[in-house]
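# Structure assessment
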Amino acid sequence: MSVFGSEADNTALLPTGLHDVLPPAAAQEAEVIQRLVDTFGQFGYERVKPPLVEFETTLLGGSQSGLADHIFRVMDPVSQRMMGLRADMTLQVARIAATRLARAPRPLRLSYAGQVLRVSGSQLRPERQFAQAGVELVGAASVGGDIEMVQLAVAALQAVGIADASVDLTSPAIVASVLDELALPADVARRLRTALDRKDAAAVGALAGPAAPRLHALIAAAGPAEAAFAKFDTIQLPPAATAEIDRLRAVATALTAVDPRQRVTIDAVEYRGFEYQTGVSFTLFARGVRGELGRGGRYIANAGEPATGLTLFLDSLMRAVPPPRPAKRLFLPYGTPPATAAAMRQQGWITVAGLEPGGEVSAQAAHHICTHLYRNGAPEPV
Amino acid sequence: MAKDDALVLALPKGRILGQLMPLLRAAGIEPEPAFDDPDNRQLRFGTNLTGLELIRVRSFDVATFVGFGAAHLGVCGSDVVMEFDYPELYAPVDLGIGRCRLVVAEPRALVAVDDPSRWSHVRVATKYPNLTRKHFAARGVQAECVHLNGAIELAPTLGLCRRIVDLVETGSTLRANGLVEIETICEVSSRLVVNRAALKTRASELTAWLDRVRKGVRDRSDAA
């Protein structure tokens, strides 16, 4: 036992990475999620609601995804099978598209929002529980789908007041095609992939042999879209990579066509979290905000269907939204008729009723953190 | 430009600064005079450029400041980058200075009787517990690390543990303490590091700095 006493006796202490969200943050987060889902709906994405827990095998979607390390597992006493708590909703929605909605017309547009739980946090995301909101577009192979996804991402962020988001575009297929040409042993290729992802120029030089100058050029090309495309033109790349770059260019052009001030960067060597992405992918950032607001990209869904998606992470996103405007709260002194209270709420007031007589009313109003007080038949500022 | 908007470059305290300053000056960065005054207690320094500030912290802390985005750019050794392995830290430029290597060493007397291929567990004193653990795990050996912040060479002579993992430049400190290098873990040099989110959201400013430093490194190696 240390001088601090036993942690087990402390009723306020929560496990690492889990928090209580208090007023006004809890209400604000709920409102932000609603606005995101509304924006998805406006673009034609219909909401689905997968369960919190499902069989481990279906939760992981058969993919070798890194998610397996993140899920809490419980034994289902009924089926005697292992179940997992979802650590990411994307694969659940892909499962719905491939099974119950297999016969729904394509392209299929689905949206979702909900809480996820992870065994451990990371440097940037110490939270073990947080909310996700996103969409999946299943059965659309064309660049039109890629464009819709980034445009929707930017629109959703704007809908919650984040106007200065920057979109970082990549395609894992670019580096993959360069590495294919090299025909490296699997473990060297894997280390090279990590070194590229970290933009570790020295390690890339040591691992890539004759391809090092080209890969260094790809690292150095990362940056604002226009300059990046100009640099790509000077690097000799396999045809598959050039095709991907053309596709990125189309997406970047479409984004700046909507808003010429939209910040777009290109980074061909980005890889983290895109291990299963097969084409145009993106990460969303906001200036001054630690970590990613969201990400998305093209992948091959369960039944081999081309798909793309978008996920927003509410923990980092909430750090980027403007603070909520303080609510206007109206104190109704004890004895205010219920009809008056109802009328004030009808007008949009938040009403806080005095539950017992006595005391100075303006002091009571202040005690209840009210901005206004109902006096002489009208609200007056406290 | 508002002060809050300035880019922050984190530099490591200590002898590496002597090799680093010519590179920074070549890139057009001139710190305010207080930076070169050893008695000055200031922690943040201005430069000749309004949009650029310097901070001077321990080499290990450079990685942490940049990894969490508190500083946008920094300079630290590849040993530090590997030890923390922060996913949000990019190391796009090898500055080619501060060269040394990270090694496993043990007392001369032990070398004669030791067969590293038979180890299943080692106890190691080091400043680099994560790196050490991963290095040994990759060859199937469990490393129990005793975390020290300096004077690692003392550990074997005083019986804290028999082996150490430490940086070696010439090897004279090891020799003076009766220790012998038995394995090189990696070569080390200083890196220009940059925070990932900063590189994405302030792309034009930061890529311009990276290009400038790259050019400085290239010019210097051309001249050599």
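What you see is a predicted model; the values in this text were computed from it and never measured. (Residues numbered from 1 in each chain as written. Chains lettered and ligands numbered in written order. Predicted model: local features only at pLDDT ≥ 70, side-chain atom pairs only at ≥ 80, totals over all residues. Heavy atoms only, no water.)

## Examining the overall build of chain B
Each helix and strand in chain B was counted, giving nine helices and eleven strands. Each principal axis of the C-alpha atoms in chain B carries an extent, and together these give about 65 × 35 × 35 Å. When the 224 residues of chain B are sorted by exposure, 51% land in the buried category. Excluding contacts between residues fewer than 6 apart, the proportion of contacts in chain B whose partners are at least 24 apart in sequence is 65%. Surface summary for chain B: the accessible area is close to 10500 Å², and the carbon and sulfur share equals 52%. Within chain B, the 28 negative side-chain charges are centred at a point lying 2 Å from the centre of the 29 positive side-chain charges. (Helix = DSSP H or I, 4+ residues; strand = E, 2+ residues; numbered from the N terminus. Buried < 20%, exposed > 50% of the residue type's maximum accessible area, 1.4 Å probe, protein only. Contact = heavy atoms within 4.5 Å. Areas by Shrake-Rupley, 256 points an atom, 1.4 Å probe, with all protein chains shown as cover. Lys, Arg positive; Asp, Glu negative; His and termini not counted. Charge placed at Lys NZ, Arg CZ, Asp CG, Glu CD.)

## Observations concerning helix α9 (residues 225-232) of chain A
For α9 of chain A, every residue scored as buried is listed here: A225, A228, F229 and F232 of chain A. Buried residues of α9 of chain A fall within an arc of 95° about the axis and therefore sit on the same side. (Arc of directions from axis to C-beta.)

## Describing the sheet that holds strand β16 (residues 378-381) of chain A
Residues and elements named next belong to chain A. Spatially, β14-β13-β15-β16 is the arrangement adopted by the four strands of the open sheet, whose pairing is mixed. Two strands bound the open sheet, and with one partner strand each, they are β14 (350-353) and β16. On average, each strand axis in the sheet is inclined to that of its neighbour by 35°, with strand direction left out of account. In the packing of helix α12 (residues 338-346) onto the sheet, the strands contacted are β13 (329-332), β14, β15 (372-375) and β16, and the crossing angle to β14 comes to about 155°. (Pairing = 2+ DSSP bridges. Axes fitted to C-alpha atoms, helices over the stretch in contact; angles between N-to-C directions.)

## A short note on the sheet that holds strand β9 (residues 163-168) of chain B
All names here are of chain B. Within the open sheet, the five strands sit side by side as β8-β7-β9-β6-β10. Their pairing is mixed. Unpaired on one side and paired on the other, β8 (142-147) and β10 (179-188) mark the two borders of the sheet. For this sheet the average axis-to-axis angle between neighbouring strands, irrespective of direction, equals 30°. As paired elements, strand β7 (residues 121-126) and β8 share six bridges and run parallel to each other. When the sheet's bridge partners are listed, T126 is paired in β8 with H147. Of the strands in this sheet, β6 (100-107), β7, β8, β9 and β10 are in contact with helix α5 (residues 129-138), which crosses β8 at around 165°.

## Description of the nonpolar core
One finds F40, I162, L169, L218, F232 and L310 of chain A to be the most contacted residues of the largest nonpolar core, which totals 72 residues. Among the elements that make up this core, the one with the highest residue count is helix α4 (residues 143-159) of chain A (eight residues). Once residues within four sequence positions are removed from consideration, I162 of chain A is found in contact with L157, A286, L293, L317, A320 and V321 of chain A. One finds L9, A27, L206 and V213 of chain B within the second-largest nonpolar core, a separate group that totals 30 residues. (Core = buried A, V, L, I, M, F, W, Y, C linked by side-chain atoms within 4.5 Å.)

## Regarding the packing of helix α7 (residues 201-208) of chain A against helix α8 (residues 212-221) of chain A
Residue and element names in this part refer to chain A. Contact pair α7 / α8: the axes reach a minimum separation of 9 Å and the direction vectors enclose 155°. Taken together, the axes of α7 and α8 lie roughly antiparallel to each other. The handedness of the crossing between α7 and α8 is right-handed. Residues A201, V204, G205 and A208 of α7 lie in contact with α8, whose contacting residues are A212, L215, H216 and I219. In the contact of α7 with α8, the residues fall into six nonpolar, two polar and no charged. (Parallel < 35°, antiparallel > 145°, perpendicular 65-115°, else oblique. Left-handed = near helix turned anticlockwise from the far one by under 90°. Nonpolar A, V, L, I, M, F, W, Y, C, P; charged D, E, K, R; others polar.)

## What to know about the domain arrangement of chain A
When the parts come together, some accessible area is lost, and that loss is often what is quoted as the size of the interface. By domain assignment, chain A separates into domain 1 (19-165 + 286-325) and domain 2 (329-381). Using only C-alpha atoms to locate each centre, domain 1 of chain A and domain 2 of chain A end up separated by 41 Å. (Domains from an automatic or database assignment.)

## Let's talk about the pairing of strand β11 (residues 294-300) of chain A
Moving residue by residue along a regular strand, the side chains alternate between the two faces of the sheet. Residue and element names in this part refer to chain A. Judged by how many residues are buried, β11 sits mostly within the fold: six of seven residues are covered. One ladder, built from seven bridges, connects β11 with strand β12 (residues 306-313); its direction is antiparallel. What sits directly across from G297, in β12, is G309.

## Let's talk about the interface of chain B and chain A
Each partner contributes residues to the interface: chain B has 26 residues there, and chain A has 30 residues. Counting the surface lost from both chain B and chain A, the interface buries some 2200 Å², and carbon and sulfur atoms represent 51% of this. It is R196, K200 and T201 of chain B that lose the most area in chain B upon contact with chain A, and together they represent 30% of the buried surface on that side. At the junction of chain B and chain A, the tally comes to ten salt bridges. (Buried area = accessible area lost by both parts, 1.4 Å probe. Salt bridge = Lys/Arg side-chain N within 4 Å of Asp/Glu carboxyl O.)

## A few points about the environment of L54 of chain B
Residue and element names in this part refer to chain B. As for its placement among the helices and strands, L54 is situated in strand β3 (residues 52-57). L54 sits 63 residues away from S117 along the chain, and the two C-alpha atoms are 47 Å apart. The contacts of L54, once residues within four sequence positions are left out, are L9, L11, P31, F35, L43, R44, F45 and T47.

## Quick look at unusual backbone geometry
Residue P23 of chain A is joined to P24 of chain A through a cis peptide bond whose omega torsion reads 0°. Looking along the chain, the bond that leaves R106 of chain A and enters P107 of chain A is cis, with omega of -5°. Among the secondary structure elements, P107 of chain A is positioned in the loop between α3 (90-98) and β5 (108-117). Even without being glycine, A183 of chain A reaches a positive phi, approximately 50°. Positive phi is not limited to glycine here, since D85 of chain B has a value of about 50°. Inspection of the secondary structure puts D85 of chain B in the loop between α3 (78-84) and β5 (89-94).

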